[in-house]
Every structure is written in C-alpha cells, then in structure tokens.
Amino acid sequence: METKKYETDELTIIWQPEKCTHAGICVRMLPQVYNVLARPWCKPENATTEQLIAQIDACPSKALTYILKNKQ
C-alpha cells in the first residue's frame, strides 16, 4: 500500500498503511477527523493541530506520524 499525506497549514500527517495494526485509537480519539467509511478517510481540518499531535503520538503502530511546518 502507498504512503498517504494529509495537509493542514501547520502540519503534514503521514499515514503508512502497511504499518497500521487497526487498533482504532485514531477513530476513537478523533472521529471527526478519521472516518474509515469516507474518502478521504482523514480530514485533519476537523481538529486543532494540538489535538492531531496528541492523537498521532498515541498511535501504537506509528502508522500515523507528522511533520510540523515552519511558520514564516
């Protein structure tokens, strides 16, 4: 499976589906962002950067990671 990226003004979310163990923490923590029935399944604009970081840091498989963008 191909790595996917989802962008906000402040960060890039990177999803590596081959690492995903489907623990469901992303969906339980931020159901307004992660919806496996929707396309795209990740809508990061529905949460704050702080909420996204807290959720991504809780991903047990590290299938979800992020890169903070530099603010100029």
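Please read all numbers here as calculations on a predicted model, not as lab measurements.

Definitions and cut-offs
Residues numbered from 1 in each chain as written. Predicted model: local features only at pLDDT ≥ 70, side-chain atom pairs only at ≥ 80, totals over all residues. Heavy atoms only, no water. Helix = DSSP H or I, 4+ residues; strand = E, 2+ residues; numbered from the N terminus. Core = buried A, V, L, I, M, F, W, Y, C linked by side-chain atoms within 4.5 Å. Buried < 20%, exposed > 50% of the residue type's maximum accessible area, 1.4 Å probe, protein only.

Engineer: Tell me what's going on with the environment of arginine 28, and back it up with residues and numbers.
Structural biologist: Turning to its location among the elements, arginine 28 is positioned in helix α1 (residues 25-29). As for arginine 28 and glutamine 55, which are separated by 27 residues in sequence, their C-alpha atoms are 9.5 Å apart.

Engineer: Describe the nonpolar core, and please don't skip the residues or the numbers.
Structural biologist: Core analysis: the biggest nonpolar cluster contains 17 residues, and Ile13, Val33, Tyr34, Trp41, Cys42, Leu52 and Leu64 have the highest contact counts within it. Broken down by secondary-structure element, the contributors of at least two residues to this core are β2 (11-15) and α2 (49-57).

Engineer: Describe the environment of glutamine 51, and please don't skip the residues or the numbers.
Structural biologist: Among the structural elements, glutamine 51 can be located in helix α2. In this structure, the C-alpha to C-alpha distance between glutamine 51 and glutamate 7, residues 44 residues apart in sequence, is 15 Å.

Keep in mind these values describe shape, not function.
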